[in-house]
Amino acid sequence: MSHVIGIDLGTTNSCVAVMEAGRPVVVPNAGGYKTSPSMFAVSNDGKRLVGHIAKRQAITNAERTVHAAKRLIGRRFEAKEIQHSAAMLPYEIVEGPEGDARIQLEDRVFSCTEISAIILREMKRVAEEYLGEPVNEAVITVPAYFNDTQRQCTRDAGRIAGMEVLRIINEPTAAALAYGLGRSGDECIAVYDLGGGTFDISILELSGGVVEVLATAGNTFLGGEDFDRKLVEHVLSEYEKCAGVDLSNDLMALQRIKDAAENVKCDLSAASVAEINLPFIANSDEGPLHLTLQVERETLETLSFDIVRGTLDSVARCVRDAGLAPGDIDHVVMVGGQTRMPLVRKMVGDFFGKPPHGGVNPDEAIATGAAIQGNVLVAGEADLLLLDVTPLSLGIATFDGGFAPLIDCNTTVPAQRSHVFTTNRDDQASVKIRVLQGESARAKDNHLLGEFVLSSIPPARKGEPEIEVSFEIDASGIVNVSARDRRSGSARAITVQTTGTLGEDELNRLVIEHGGCELPGEV
Amino acid sequence: MYSDTDANDQSERIPQWAAGVEALGVPASPAEAYLLSRIDGCTPWSMLCEIGGMPPGHADKLLGSWLAQGFLTLAPFCGEADPGAALWTGAHSSESARGQVDPSLDLSTELQRRILDFDANLERLDYFELLGIERSADARSVKRAYFALSREFHPDRYYRRKMGSFAARLDRIFAKVVEAYELLHDPTTRAEVERNLRPSGQESEKPTPASAGEGAGSPGRLASKVRMQHLSRLRESFRLPGTVSSERCWKARRFFQAAEMALELENFQEAAANARLAIAFDPSQETYRAGFAAIQSEVHRLRARALLDRARGVGDQAQALELLEEAIHYRPGDVELSARASRLAMALGDLQRAMTHAQSAAEIEPERISNQLLCARVLRRCGDFESARACVQRASELDADAPEVAAERQRVERGARG
């Protein structure tokens, strides 16, 4: 039987794991690293680069090196998060045909799905080299707070990369599986996942090999990169103060500062002072300029205090959603590289009243958990069972622009629910069912998953027809919605096979295009 | 098999509540409400007319009008499945669905039966019965039961297996298990569930009708609460009246005759189902109960035999032991089976199980030397030479000259010396 790989497709780094003889193994890449940068670049001579190679040339080729594409995936171009990022990112973001955010590298426009596919393909290759056999199936993780469009885009990316995606699972849940493997006792754990670009918190209960997600919350636009950005802004302003030069429009300098900031941030997890030293950062009339700056841990902590405190609001909400108090949590599992930061560990530890559990590797736990879930599915592994929940409420728009949730967030999947609605005009012959996902009481603030029209409702006074809307969500998170007029029996159903941001034609074209191409290759 | 009044196919169809319709939404007089309360999704039209408590023609007309108004829908009469058998809860109704077990699927036939059985009873069991717990169960037990059922029925456990119609059944079962757990897990909803399960006096409490206006709240919860009240009313409707009408007696007799006929044809499943129907229609007749017990024991005997055949066929000893133990469950008095299970457990090194089976063999037939010696052997293996000696002693009291007794005595003494 061929292997199912587990891929943690991270904002900044990705990781792949596979089950071997019942044990998860994190697969190192050719360079010996267990994680690879989630970076893609087109080099000056037109070669496609991915992973460490892409990162190494990022400074000299900033405009054509994509990082953090995960922050953009499945989002609309006009979304304010995108506009905010566009100002900070060295590469150009353009609007795609479906209104989605895409990335322009020279004369080629890449969808974020395609960029993710290229990274997934690299992870697949790493696993194949290690296993010595082709890999066709994967479980991929996403932030718990990803909506269905973002999940579908990730699924599509897997398909373009030549893999069947058996399941998309939430990152904190995957980490809990990694933690739970081989544990049979009863306990409640909190998984605090602060990665490069996303923050998630989940409360789970483990009992006799069953892992139940009690509640989940998070923010898909908050992560380690925000710490970096704060530090970059700090460095830029300090430099402007002492050297009088504004580097914020110098792409190359910006990329170097960003890199240095990331390193300094990591160093400060262990040391109390670290130095940024960037010679020849710019030129002035008097000659070359250098950037040298001491950064103290305290400075970084002051800069990032608000970010960490912001995560604790989500943590508090999640604990409340789970119907628990912070003291009820037996262990706090920290995953994601940013949780190495002492301030994060301290503040989270203080919140729960106990120090974080040190038993899982923050960089590898998620990929490990994905591989475990893959094995549970295909090998009929009976020792572990994941009872997953839907992270966002699902429902329909009402006439007054409100949102009526039918499946509440944190409902165990698979689930099915139905509800009766009615018309609001006399002799109304059709109703439009708009399927939404989100937590806002107003329809327009939630994410539109799909819509359809139920017609041929017999003439009746308003409020008389009974239109029954049923939602079904299966274990893979696929949503089916049907609507039926009880009197006439007229019925319509759609599978909200959420359209990613790629149309079917484009998707198929990309599957074929990427099918034969080895990386790095010619554009 | 029960109806000679089948004039058209409608009479063979099974009326069921249209999705989302609640009994309180159907305007009805008490007599009509009684008929309504008989509709359980497994009693065919013709039967409803007969048991509806009103002249059959009248009931027929009423059902027709409800159907036209959309309160009811019709499910096809499912041929071999015996709708009457579904009146019963627990393991019994599995026979009714036996015809649907499909050996070509990637599911053991036992599991298929379990799924069919569970699925068939889904609408009838209250939430406690569904989870298999007592009404007094604490939160911990609720969760434990939920986890245990999840392990059994979660669709992930059968990922990619060839499941046929069982995939949909599993989804349905699991969704229901989750619903039960969610309601019983939360003390507020649990209190409501408990209130609704009280045998009487709840009819007057009106559930809030579901409407679009409440959309912002939690329609799922509300819908399931309404549904729950509906279910508890349905459960009530299965209480039989105190006195049995002559019509019911007649019906019961017919079912029992059908059972006897099926028995002659050695169709035990059908026989059991019919006998149960007979008891349902006339619980006062002891003969029906005795007949049912006899059929049941025959069914058990056959099932045990099938299990033994399988146990003989499997190569894996541990699996064979499991099958043997299941067979013992159906034939608890069979001393041979217990002795075999004990020997097999010993071979597997599971001395505790070996002891249990050896003891039950010795309890069933204490006058048999081999049973006492078996006990002695297990005890000796456990290192309890004192008790082993006592067993050998009992064996020698039965037959002092038997060579196997002497041999065992020697082995025990050798063991005791170290």
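Let's talk about the overall build of chain B
Of regular secondary structure, chain B possesses 18 helices and 2 strands. Among the 418 residues that make up chain B, the fraction classed as buried is 35%. At a minimum sequence separation of 6, the contacts of chain B that also span at least 24 residues come to 55%.

Details of the overall build of chain A
For chain A, the helix and strand inventory stands at 11 helices and 29 strands. Out of the 523 residues belonging to chain A, those deemed buried represent 53%.

Focus on the sheet that holds strand β10 (residues 108-111) of chain A
Residues and elements named next belong to chain A. One open sheet holds the 3 strands; their spatial order is β8-β9-β10, and the pairing between them is antiparallel. Since the sheet does not close on itself, it has two edges, and those belong to β8 (92-95) and β10, each with one partner. Taken pair by pair, the neighbouring strands of this sheet meet at an average axis angle of 45°, ignoring direction. Note: β8 against strand β9 (residues 101-105), 4 bridges, orientation antiparallel. Bridging across to β9, Glu95 finds its partner in Ala101.

Quick look at unusual backbone geometry
Residue and element names in this part refer to chain A. Look at the link from Val413 to Pro414: it is a cis peptide, with omega at -5°. Assignment of secondary structure puts Pro414 in the loop between β23 (411-412) and β24 (415-421). Even without a glycine there, the phi angle at Ala68 is positive, about 60°. Position of Ala68 among the secondary structure elements: in the loop between β7 (65-67) and α2 (80-88).

A closer look at the pairing of strand β28 (residues 479-485) of chain A
All names here are of chain A. Burial analysis of β28 places 5 of its 7 residues in the buried class, which makes it a mostly covered element. Two elements, strand β27 (residues 467-473) and β28, share 7 bridges in a ladder whose sense is antiparallel. By the bridge assignment for β28, Glu472 is matched with Asn480.

Description of the sheet that holds strand β25 (residues 431-437) of chain A
All names here are of chain A. Strand order in the open sheet made by the 4 strands is β22-β21-β25-β26, with antiparallel pairing throughout. Two strands in the sheet have a free side with no partner beyond their single neighbour: β22 (403-407) and β26 (447-454). Strand-to-strand twist across the sheet, computed as the mean angle between neighbouring axes with direction ignored, equals 30°.

Let's talk about the pairing of strand β17 (residues 287-296) of chain A
Two strands pair when backbone bridges link them, and strand β16 (residues 273-284) of chain A and β17(A) are joined in this way by 9 bridges, in the antiparallel orientation. Residue pairing across strands places Val273(A) opposite Glu296(A), the latter belonging to β17(A).

Section: the packing of helix α14 (residues 335-348) of chain B against helix α15 (residues 351-364) of chain B
Residues and elements named next belong to chain B. Packing of α14 against α15 leaves a shortest axis separation of 8 Å and a crossing angle of 160°. The angle between the axes of α14 and α15 places the two elements in the roughly antiparallel class. Between α14 and α15 lies a crossing of left-handed hand. Contacts between α14 and α15 pair Val335, Ser338, Ala339, Ala341, Ser342, Ala345 and Met346 from the former with Leu351, Arg353, Ala354, His357, Ala358, Ser360, Ala361 and Ile364 from the latter. Within the contact of α14 with α15, the residues separate by chemical class into 10 nonpolar, 4 polar and 1 charged.

Thoughts on the nonpolar core
Counting residues in hydrophobic clusters, the biggest one holds 182 residues, and the most contacted among them are Ile7(A), Val16(A), Ala175(A), Val333(A), Ala370(A), Leu131(B) and Val177(B). Contacts of Ala370(A), omitting those with residues within four sequence positions, involve Gly6(A), Ile7(A), Asp8(A), Ala17(A), Val139(A), Ile140(A), Thr141(A), Ile169(A) and Ala174(A). Membership of the second largest hydrophobic core comes to 31 residues, among which are Leu307(B), Leu308(B), Ala354(B) and Ala376(B).

Things to note about the interface of chain A and chain B
Taken together, the 30 residues of chain A in the interface contact 25 residues of chain B. Elements with a contribution of two residues or more to the side of chain A that touches chain B: α10 (365-378), β19 (385-387), β22 and β24 of chain A. Broken down by element, the side of chain A that touches chain B gets its largest block of residues, 7 residues, from β24(A). A breakdown of the residues in the side of chain A that touches chain B according to their chemical character gives 16 nonpolar, 9 polar and 5 charged.

Considering the packing of helix α6 (residues 224-243) of chain A against helix α7 (residues 251-267) of chain A
All names here are of chain A. Contact geometry for α6 and α7: axes closest at 9 Å, N-to-C directions at 115°. Helix-helix and strand crossings are classified by hand; for α6 and α7 the assignment is right-handed. On α7, the residues touching Phe227, Asp228, Leu231, Val232, Val235 and Leu236 of α6 are Ile257, Lys258, Ala261, Glu262, Val264 and Lys265. In terms of residue class, the contact of α6 with α7 is made up of 8 nonpolar, no polar and 4 charged.

Observations concerning the environment of Asn44(A)
Residue and element names in this part refer to chain A. By the element assignment, Asn44 lies in the loop between β5 (39-42) and β6 (48-50). Given 10 C-beta atoms within a 10 Å radius, Asn44 is considered exposed. C-alpha separation for the pair Asn44 and Thr60, spaced 16 residues apart in sequence, amounts to 9.5 Å.

Regarding the environment of Leu166(A)
All names here are of chain A. Within the secondary structure, Leu166 is located in strand β12 (residues 164-170). On the neighbour-count criterion, Leu166 (21 C-beta atoms within 10 Å) is buried. Residues Leu166 and Val378, 212 residues apart in the sequence, show an inter-C-alpha distance of 9.1 Å. Beyond its immediate chain neighbours, meaning those up to four positions away, Leu166 contacts Val4, Glu137, Ala138, Val139, Gly374 and Leu377.

Regarding the confidence of the model for chain B
Residue and element names in this part refer to chain B. A residue-level look at chain B finds 75% of positions with pLDDT of 70 or above and a mean pLDDT of 74. Scored below 50 in pLDDT, residues 1-8 makes 10 contacts in the model with residues more than four places away or belonging to other chains. For residues 77-99, every residue scores under 50 in pLDDT, and the model assigns this stretch 50 contacts once sequence neighbours within four places are set aside. Scored by ipTM, the complex comes to 0.78, with pTM at 0.64.

Side note on the confidence of the model for chain A
Residues and elements named next belong to chain A. Put simply, chain A has an average pLDDT of 87, and 97% of its residues get 70 or more. The element-level mean pLDDT for chain A is lowest in strand β29 (residues 491-496), coming to 70, with strand β1 (residues 4-9) highest at 96. Below pLDDT 50 for its whole length, residues 517-523 participates in 13 contacts with residues either more than four positions away or in separate chains.

Points about helix α4 (residues 148-160) of chain A
All names here are of chain A. Spanning 13 residues, α4 covers 18 Å between terminal C-alpha atoms, matching the ideal 18 Å at 1.5 Å per step. Taken across its 13 residues, α4 has 13 buried, putting it largely inside the fold. Positioned one or two residues after α4, Gly162 has a phi angle of 85°, which is positive.

What to know about the environment of Pro90(A)
Residue and element names in this part refer to chain A. With respect to the helices and strands, the residue Pro90 is situated in the loop between α2 and β8. C-alpha separation for the pair Pro90 and Val66, spaced 24 residues apart in sequence, amounts to 8.5 Å. Setting aside residues up to four positions removed in sequence, Pro90 forms contacts with Ala62, Glu63, Leu251, Leu254 and Gln255.

Thresholds applied
- Residues numbered from 1 in each chain as written.
- Chains lettered and ligands numbered in written order.
- Predicted model: local features only at pLDDT ≥ 70, side-chain atom pairs only at ≥ 80, totals over all residues.
- Helix = DSSP H or I, 4+ residues; strand = E, 2+ residues; numbered from the N terminus.
- Buried ≥ 20, exposed ≤ 12 C-beta atoms within 10 Å, placed from the backbone.
- Contact = placed C-beta atoms within 7 Å.
- Pairing = 2+ DSSP bridges.
- Axes fitted to C-alpha atoms, helices over the stretch in contact; angles between N-to-C directions.
- Parallel < 35°, antiparallel > 145°, perpendicular 65-115°, else oblique.
- Left-handed = near helix turned anticlockwise from the far one by under 90°.
- Nonpolar A, V, L, I, M, F, W, Y, C, P; charged D, E, K, R; others polar.
- Core = buried A, V, L, I, M, F, W, Y, C linked by C-beta atoms within 7 Å.
- pLDDT = per-residue confidence, 0-100.
- Expected span 1.5 Å × (residues − 1).

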